[in-house]
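# Survey of secondary and tertiary structure
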Amino acid sequence: MMLDWTPRTFQWFEAADAWTGYSKKLARLLWERVRVPGTLLDMGCGMAFPDFALAPHVGEITCVDRDERVIAYVQEKIKSESISNLRALAAKGEEVQGQWDTVMCIFHGEKETILSSYLPLARDTLLVVVHASRAGNIAPEGYKVRKCSGVQETSDFFRQQGISFDLLETGIEFGQPLTSLQEARDFLRAYSRKDIPQEAVTEELESRLVKTGHHQYPYYLPSVKQFGIYTIRRA
């Protein structure tokens, strides 16, 4: 699923991350697997929340994404938070040249591209975070969107290519706080197949939506993001 980076998408991600602490929890898991904390490259960085959490621990972080809108967001956040060791570049992953101690791909890239284009960029460690399965976990059954590679097929592919790896399979709560029922409907539609009918949206929200009592976000759509973290050492 390719994200459409709109002002609303940014708002949803910011609210969900602030509510759940997802990126800081993910960053802690990634940091445990960083062996050389000199330089780090994040391919397909999106809003780069884990990179901001990792910045105090790493010498220099480079964030790369092909979407200029999300890179502009990251650059503005770097400036507003006065972070000197983090830079953001708009580029296609296959165009990036150089080497970093650690390279990360978080829910980004097909498995073939990861090995052919991203692994050579890592001096010491490649960290690959993939969805537990290719089916999204927000939309109701029958209307889920397809993600990039899942754990099973990624593991099979790495083994076929003779790649040794360590794998952690886990999950972190990353639900969505919502300001209204209408926003809940819009959010569910945004993460479902385009042909989802209104009755399926209504039924799903009736079964899952939680009232919070919070003044800004009176509703919450729970969702545990299940994923695997692959650690591949170059030596």
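Structural data are supplied above this passage.
Predicted model, so just to flag it, every value in this text is computed and none were measured.

### Describing the sheet that holds strand β5 (residues 122–131)
- An order of β3-β2-β1-β4-β5-β10-β6 is seen for the seven strands of this open sheet, with the pairing classed as mixed. Unpaired on one side and paired on the other, β3 (86–90) and β6 (166–173) mark the two borders of the sheet. Taken pair by pair, the neighbouring strands of this sheet meet at an average axis angle of 20°, ignoring direction.
- In the sheet, strand β2 (residues 60–65) pairs with β3 via five bridges, with the strands oriented parallel.

### Side note on the packing of aromatic side chains
- On inspection of all chains with the given rule, the structure shows 14 aromatic pairs.
- Ring plane angle 25° and centroid distance 5.3 Å describe the contact between tryptophan 5 and phenylalanine 10, whose orientation is recorded as stacked.
- The exposure class of phenylalanine 10 is buried, given its relative accessible area of 13%.
- One residue, lysine 77, lies across the ring of phenylalanine 52, its end atom 5.0 Å from the ring centre.
- When the ring centre of phenylalanine 157 is taken as origin, the NZ or CZ atom of lysine 111, which lies over that ring, is 5.8 Å away.

### Some thoughts on the nonpolar core
- Counting residues in hydrophobic clusters, the biggest one holds 52 residues, and the most contacted among them are Leu86 and Phe227.
- Leu41, Val64, Trp100 and Leu121 belong to the second largest nonpolar core, which has 24 residues in total.

Thresholds, definitions, all that
Residues numbered from 1 in each chain as written. Predicted model: local features only at pLDDT ≥ 70, side-chain atom pairs only at ≥ 80, totals over all residues. Heavy atoms only, no water. Pairing = 2+ DSSP bridges. Helix = DSSP H or I, 4+ residues; strand = E, 2+ residues; numbered from the N terminus. Axes fitted to C-alpha atoms, helices over the stretch in contact; angles between N-to-C directions. Phe/Tyr/Trp six-rings, centres within 6.5 Å; stacked < 30°, edge-to-face > 60°. Buried < 20%, exposed > 50% of the residue type's maximum accessible area, 1.4 Å probe, protein only. Lys NZ or Arg CZ within 6 Å of the ring centre and 35° of its normal. Core = buried A, V, L, I, M, F, W, Y, C linked by side-chain atoms within 4.5 Å.

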